[in-house]
Number of protein chains: 2
Amino acid sequence: MATTDALTPERILEATEEVLRRHGPAKATVVDVARALGVSHGSVYRHFRTKTALREAVTQRWLDRTSTSLSGIAAGAEPPETRLRRWLAELFAAKRRKVGGDPELFATYMVLVGESSAVVNRHRADLTGQLARIIHEGLERGDFAPAGAAPEVLARAVFDATGRFHDPAYAREWAGPGIEAEFTALVDLVLRGLRAP
Amino acid sequence: MATTDALTPERILEATEEVLRRHGPAKATVVDVARALGVSHGSVYRHFRTKTALREAVTQRWLDRTSTSLSGIAAGAEPPETRLRRWLAELFAAKRRKVGGDPELFATYMVLVGESSAVVNRHRADLTGQLARIIHEGLERGDFAPAGAAPEVLARAVFDATGRFHDPAYAREWAGPGIEAEFTALVDLVLRGLRAP
DNA sequence: CAGATGACAAAAATTGAAATCTGTCAGCTG
DNA sequence: CAGCTGACAGATTTCAATTTTTGTCATCTG
């Protein structure tokens with residue numbers, strides 16, 4: 001009883017995810033969320049100023065789950081090149097799992113992501129930050145070599161270069177036949193560009 | 001008189017472009033095109049089976065103009081690395097000119113491009129073909145080195161890696177402040193990956 | 001009295017009837 | 001008779017009336 005008694009932001013987010021899963025992004029209303037929680041919609045507005053803020057919070061939570069799972073790899077003990085390769089592979093794999101597992105839910109989140117560029121920018125900054133840490137260490141150890149480029153700049157370049165394998169806009173192509181080979185070819189090219197001669 | 005007399009596919013495409021420019025992709029009708037040409041809409045259907053086919057032909061014409069302007073660079077006499085750099089820079093510059101010059105018309109073509117993936121695939125094959133020719137020459141001359149990779153595979157990797165700077169989906173970001181620096185950082189990384197040690 | 005409620009105005013979405021458009025084709029015209 | 005026309009059926013779009021939703025707030029309740 002105690003766990004479901006108080007109306008917390010956390011519980012509201014949980015319910016909102018469920019409503020979005022059930023009704024999709026177009027028909028999920030604040031009233032639906034309130035009904036799912038057994039409260040009036042006025043109570044939901046006590047915790048989230050607007051419907052937009054509520055949706056953004058749900059989107060952020062969803063994106064943060066990916067960031068968190070990747071940060072484990074970024075902070076690992078393997079050599080930077082291995083870590084970078086694993087990090088990129090896991091990012092791609094995680095995205096593919098999400099589309100493959102529940103395409104409708106993925107489509108829902110694609111709509112949400114398209115609505116709030118601020119949340120997306122934060123997420124990208126988060127991920128490129130992880131990349132920068134790996135690259136920084138690679139430069140320090142002398143494994144990576146590009147002259148005169150800051151880790152942040154290289155991180156952004158690596159993130160942009162691999163966009164086709166993590167940007168949801170390309171999700172439709174992730175099921176194609178040669179996609180694994182194309183991913184490998186691109187990562188090989190990028191790592192060659194990073195590696196010390 | 002002779003030039004505007006016969007109703008040719010060419011004249012219909014010209015008129016369709018004009019109608020799209022004026023009315024936008026949502027409101028441009030076949031009847032509008034026929035009216036612009038001073039004929040009945042039935043006559044337009046004599047040359048294009050469907051409205052979709054007409055739109056695809058217009059889209060292809062538009063994309064082909066970019067391909068053609070780039071093929072000059074691809075076939076040039078400069079060393080492959082210079083040529084590749086110029087080719088990528090010109091592709092990016094051409095896209096930026098198109099958005100900057102007439103954003104509404106660009107938005108119209110973005111809609112058209114989104115409608116016909118077959119035309120887009122052909123266009124991409126065309127462009128990666130040009131890249132492959134440059135890369136092939138670079139490999140032959142020993143300027144480029146990646147072991148065991150076919151020029152076509154490398155070309156596709158280079159094309160994918162630079163997507164953020166030519167895929168219209170990213171057009172909104174092309175006006176940002178650091179975009180030139182980000183482009184240079186990415187191209188430098190890719191060329192380092194291609195270059196022989 | 002902290003927190004929830006539900007009536008309410010303004011904004012947005014839905015609906016369905018009317019208007020327009022697509023694609024065909026029998027017949028017209030130069 | 002080659003090429004164009006325009007009437008037509010079915011599909012799609014538009015538009016205005018109606019319903020639903022958002023966000024606020026005076027009031028209620030445990």
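Structural data are supplied above this passage.
Residues numbered from 1 in each chain as written. Chains lettered and ligands numbered in written order. Predicted model: local features only at pLDDT ≥ 70, side-chain atom pairs only at ≥ 80, totals over all residues.

Time to look at the protein's contact with DNA strand C. In the neighbourhood of DNA strand C, 17 residues make up the surrounding shell, with A:Val39, A:Gly42, B:Thr29, B:Val30 and B:Lys51 lying closest. For the surface near DNA strand C, the secondary-structure elements that each account for two or more residues are α2 (9-27) and α4 (41-47) of chain A together with α3 (30-37), α4 (41-47) and α5 (51-74) of chain B. Classifying every residue of the surface near DNA strand C by side-chain character gives six nonpolar, eight polar and three charged. (Near = placed C-beta within 6 Å. Helix = DSSP H or I, 4+ residues; strand = E, 2+ residues; numbered from the N terminus. Nonpolar A, V, L, I, M, F, W, Y, C, P; charged D, E, K, R; others polar.)

Once that is clear, we can look at the protein's contact with DNA strand D. Taken together, the neighbourhood of DNA strand D is formed by 16 residues, with A:Thr29, A:Val30, A:Lys51, B:Val39 and B:Gly42 sitting nearest. Where the surface near DNA strand D is concerned, the elements lending two or more residues are α3 (30-37), α4 and α5 (51-74) of chain A together with α4 of chain B. Here the residues of the surface near DNA strand D sort into five nonpolar, eight polar and three charged.

Each partner contributes residues to the interface: chain B has 19 residues there, and chain A has 19 residues. Where the side of chain B that touches chain A is concerned, the elements lending two or more residues are α9 (151-161) and α10 (179-194) of chain B. For the side of chain B that touches chain A, a count of residues per class yields 12 nonpolar, two polar and five charged. (Contact = placed C-beta atoms within 7 Å.)

This next bit is on the relation of the copies chain B and chain A. When chain B is fitted onto chain A, the two copies agree to an RMSD of 0.0 Å after a turn of 180° and an axial shift of 0.0 Å. Expressed as an axis order, the relation between the two copies is that of a two-fold axis. Of the residues that chain B buries at the interface, 100% are likewise interface residues in chain A, meaning the two copies contact each other through the same surface. (Least-squares fit on C-alpha atoms with pLDDT ≥ 70 in both.)

Looking now at α3(A). Note on helix geometry: an α-helix contains 3.6 residues per turn, so any two residues three or four positions apart are oriented the same way. Residue and element names in this part refer to chain A. Taken together, the buried positions of α3 are occupied by Val33, Ala34 and Leu37. Looking straight down α3, one finds that the buried residues subtend no more than 100° of arc, so they occupy a single side. Each element contacted by the buried residues of α3 is listed here: α2 and α4. Downstream of α3 by one or two residues, Gly38 has phi in the positive range, about 70°. (Buried ≥ 20, exposed ≤ 12 C-beta atoms within 10 Å, placed from the backbone. Arc of directions from axis to C-beta.)

Before going further, it helps to examine the environment of A:Thr68. Among the structural elements, A:Thr68 can be located in helix α5. In the structure, A:Thr68 is positioned 36 residues away from A:Glu104 in sequence and 23 Å away in space, judged by C-alpha atoms.

Looking now at the packing of helix α8 (residues 117-141) of chain B against α9(B). All names here are of chain B. Where α8 meets α9, the closest approach of the two axes is 8 Å, and the angle between their N-to-C directions is 120°. With respect to their mutual orientation, α8 and α9 come out oblique. Along this stretch, α8 crosses α9, giving a crossing that reads as right-handed. Residues Leu127, Thr128, Leu131, Ala132, Ile135, His136 and Leu139 of α8 touch α9, and the partners they reach there are Pro151, Glu152, Leu154, Ala155, Arg156, Val158 and Phe159. Across the contact of α8 with α9, the residue classes break down as 10 nonpolar, two polar and two charged. (Axes fitted to C-alpha atoms, helices over the stretch in contact; angles between N-to-C directions. Parallel < 35°, antiparallel > 145°, perpendicular 65-115°, else oblique. Left-handed = near helix turned anticlockwise from the far one by under 90°.)

Turning our attention to the environment of A:Ala185. Turning to its location among the elements, A:Ala185 is positioned in helix α10 (residues 179-194). The sequence separation of A:Ala185 and A:Lys27 amounts to 158 residues, and the corresponding C-alpha distance is 41 Å. Among residues more than four places away in sequence, those in contact with A:Ala185 are B:Ala149, B:Val153, B:Arg156 and B:Ala157.

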